[in-house]
Amino acid sequence: MTAAGTPGAGLVARGVVRRFGGIAAVDGVDLDAPIGRITALIGPNGAGKSTLFDCLAGAARPDAGQVLLAGRDITRLPDHARARLGLLRTFQQIAAFQGLTVAENVRVGAEQVHRGTGRGLLGLPPPGRDTARAATERALRLLDLDAVRDWPADRLPTGALRLLELARALAATPRVLLLDEPAAGLDQAQTARLGTVLRALAAEGTALLLVEHDVELVARLADAVYVMAAGRVIARGPTASVLADPRVAAAWGAT
Amino acid sequence: MGAAGLTLDLALAGLAVGSAAALSGVGLVVTYRATGVLNLAQGAQAMATAYLLRELVVVHHWPLALAAVCCLLVAAPALGVLLDLAVFRPLQRRGAGPAETMVAGIGVFVLLIGAAVLIWGTAPYGDAPPLVEGTALAQPGGHVLRLDTAVQLATVLVLATTVGLVSRYTRFGVRLRAVVDNRALAQLAGVDADRISSAGWAFGSFTAGLVGVLLAPFLLLDPYGLPLLVMETMAVAVAARLRSLPVAVVTGLALGVAQSELTRLRPAGQLLPLAQAVQTNLFVVALLVAALLPWSGGSDDTGLALPGGGRGGRGATAARTACTVLVLLPLGFHADDLRHALLVPALALVLLSVVVVTGYGGQVSLGQAGYAGLGALGTALLMSGKVPGLPALPAVPALLLAVAVTVPLGLLTGWPAIRRRGLALALVTFAVGTALSRLVFDQPYATTGLTVSRDGMPTGDRGFYTVELVLLGVGLLVVRNLHRGRLGRALTAMRDHQAGASAAGVDVPRLKLLVFMAGAGLAALGGGLMALGGQAFDPTAFDPVQGLLWFATVVVAGADSAAGAVLAAALLVGLDAGTAAGVSAVVVGALATVLGRMPGGLAGLARRAADRATVPARPGPGQEAALTPLGRRLRERIAERAP
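Along each chain, residues carry numbers from 1 onward, in the same order as the chain's sequence is written. All chains are assigned letters beginning with A, and all ligands numbers beginning with 1, in the order in which they are written. Reporting in this predicted model follows two pLDDT cut-offs: at least 70 for local features of residues, and 80 or more for side-chain atom pairs to be given and counted; totals over whole chains, interfaces and linings ignore these cut-offs and use all residues. Side-chain figures throughout are based on the complete set of non-hydrogen atoms in the structure, without hydrogens or water.

**Regarding the packing of helix α2 (residues 42-59) of chain B against helix α4 (residues 98-120) of chain B**
Residues and elements named next belong to chain B. Relative orientation of the contacting elements α2 and α4 amounts to 25 degrees, with a least axis distance of 9 Å. Regarding the angle of α2 to α4, the classification is roughly parallel. Crossing of α2 over α4 shows left-handed handedness. In this structure, α2 contributes A44, Q45, M47, Y51, L52 and E55 to the contact, and α4 contributes F109, L112, I113, A116 and W120. Note on geometry: axes are lines fitted to C-alpha atoms, helical ones only across the stretch in contact, with angles between N-to-C directions running from 0 to 180 degrees. A run of DSSP states H or I qualifies as a helix once it reaches four residues; a run of E qualifies as a strand once it reaches two. Both are numbered from the N-terminal end. Here the word oblique covers every angle except those under 35 degrees (roughly parallel), over 145 (roughly antiparallel) and from 65 to 115 (roughly perpendicular). Two helices crossing with the near one rotated counterclockwise from the far one by less than a right angle form a left-handed crossing, whereas a clockwise rotation gives a right-handed crossing. Any two residues whose heavy atoms approach within 4.5 Å are treated as being in contact.

**Some thoughts on the nonpolar core**
Residue and element names in this part refer to chain B. Ranked by size, the top nonpolar core spans 189 residues in total, and within it F109, M234, L532 and W550 carry the most contacts. The element best represented in this core is helix α25 (residues 508-534), accounting for 15 residues. Shared between two domains, this core takes at least three residues from each, and those domains are domain 1 (3-121 + 144-264 + 274-293) and domain 2 (334-542). Once you skip the residues sitting within four places of it in the chain, F109 turns out to touch L40, A41, A44, P227, M231, V545 and L548. To qualify as a nonpolar core, a set must consist of buried Ala, Val, Leu, Ile, Met, Phe, Trp, Tyr and Cys residues joined through side-chain atoms within 4.5 Å. Residue exposure (1.4 Å probe, protein chains only): buried if accessible area is under 20% of the type maximum, exposed if over 50%, otherwise partly exposed. Source of the domain bounds: an automatic or database domain assignment.

**Observations concerning unusual backbone geometry**
Positive phi, normally seen in glycine, also occurs at A:A70, with a value near 50 degrees. Inspection of the secondary structure assignment puts A:A70 in the loop between β4 (64-69) and β5 (72-73).

**So, the side chain of B:Q363**
On the secondary structure map, B:Q363 appears in the loop between α16 (343-360) and α17 (368-383). Not counting the four nearest positions on each side in its chain, B:Q363 is found in contact with B:V357, B:T358, B:A417, B:R420, B:L425, B:M494, B:K512 and B:F516.

**Notes on the pattern of salt bridges**
All names here are of chain A. Between Lys or Arg on one side and Asp or Glu on the other, a salt bridge is scored when a side-chain nitrogen of the former is within 4 Å of a carboxyl oxygen of the latter. In this structure the tally under the stated criterion is 22 salt bridges over all chains. One salt bridge connects R138 with E204, and the closest N-O pair in it is separated by 3.5 Å. You can see R138 sitting in helix α5 (residues 129-142) and its partner E204 sitting in the loop between α7 (188-203) and β8 (207-211), a full 66 residues away along the chain. A relative accessible area of 34% places R138 in the partly exposed class.

No statement about biological role is implied by the geometric values presented.
What follows is the structure, encoded as structure tokens:
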């Protein structure tokens, strides 16, 4: 296993540009989310965080630049292919599957291999069923969703839905995890649990990148911080020093 | 007469249909701009008005002018306002999505057609009165300009110009544009959005009526032909991207003229029948092209994730038992009743194809009748030995081979579905179904000299019905496997949240192709059985209007309920055989228009009733025994704060 913090072993963005019309929402961003570390991306509204996030996750294609996962160029891959390579994401607007139970929601994340469609049509179990089951159970326990496992997802409150989305991503055993405001709508106990889980994941060798508005949470969790404003990274480095930087406070000031 | 003279004559002749199409386009665009709804029922409104005018003039001997005023200026706008008040405004109030609105529109369409069949029957009338006599108006250089054509053309231009001027220069127009931009905001600013949308519906319905009355004299008036023709002219509105009136007018006129000019093309040899098919159906081709061109409209719509569609659930066992009993019953029927019942398993398979594509996959598909027709035609062609290189096959191999060939053709609608959702996808699938019907099933080159028999299978009705049941069982097994396990979870994920499913690693494009191919196969199997049951290939059975009825039926029954589809098939066949023709369409249409108040359809109703009956057994918020850890913590905290 690669040592924690090794550059390039996690997710790397090089010169990513994404334009809408004539405006560059993301304008040449370099970013490194190494394995075993929690990296945070902060910045005022409209700074281009979400657009960058979409480019990294595969929901959007960058107009220029590269996205590398463990050294492999994934810039042209669609999002589901990235997910199968171990790059998982959560959404700012919760993306739960209303028609499935909590456990089934998590299971969807656990069982995305290409093969087995023919077997499925014949009613035979898909390959790798036991692994998927085990991963589902583990993710449910980790996020304290065991008690509601058979509930339809549409009966869960917001906070639990956020954890459900995270559980779905965890069930896929991610190498890199992209989290879009994971603490929004969580109560204190849930936020604490989230922090513990994210720390544990990093310790196990996952690379985490989170977009977060809650600077307190960032200060407590993140190893490194990138600050974006107007499509560019204006500051980067270890959390404490970046958050103390007066330029950051200036860019942040309004929000 | 020289070539140039002929060109001019054909152009003048084409203007008649062209101006009607342009008028239809103007109506659709105006309704869409005022209400945000693409009026899918327009064709049926046109048909209803044309029937009404004929009834008043031919049967009751009213003077034409009085009857026309009554139909066009009173009845048609009143129908529009009624639709707004009774169907579309409640949906808008509830914040219903485009999918529900679309289903309601199809419901109105089916309802009006059913009502027409009930009142006037399906026999075509050839005596629809023309509004304006077709006397020659002027003959510059020997070219005849008919009075009716001139009046139509003038009407279109005047209406389009008036609408354009009103929306640009009057207070009403400003309000209209405000409502279109942002309804809620416009209401806050004191605009009466309801009045605007009522006016939009009244105008749209008036133009629909005018289109119907103008077109009816050119063709035989029957409940299916005219509505479909008007729906084909949606090509004009789609080409105008539902925005531009000038584009709609120009496209309508140009298509009319082009269709007329094309009659001069006579390619030699094998191309001739195909060319003729295109010539008479240029609007179908145009609709297909316009819907397939990249279009932002509807692409960011949600899919058809109709609310209330949980998987499994209570009441399912009861529905399954009812299904089993119902499909086994006909085995004990008398010969006559059994012959009617032969249609049930076949129709059930076609409806199941809609369940798979729309209910499980969340993809709107209005073209399943086309695949059913392909299955029927394929079976017939293979049995008649019309396929080069193959001998005439017995029934079963022919049916299975036809299904196998139709499965990959599911890509015809599956491929466009990858990038389209909602309305845009609905239009493409409808266009594909219509194109198949008009360019293949209706054409002599494909359908002459076909013989369909039950050669090689039980020839008696009872034996054949048993075979049908076996095949229905196989179909149900495939459907069940699509709803369970890994495939079922992935499909439901795609239906409920496409981006989320994709991010979780679900290969959404591949899955869409899979559901459309599975749907095509099921529909083809059902269609083939229909042909074998009737021992003939009947192109009218696979009319696109039938496809709309089938789609509405499945959504009403509860889009993701396989048992519901089988029950619905039995009900459709039973209603039409046991009562008058058209009753089933009226029932389905009426239910579809109130679907907004009945989420999940009839299956949803049944599920909720079953849930209520067994409430204590089901965990839910607010019950002590089943609080989540979060709930328990919340309760503790509330208890702490309480004085």
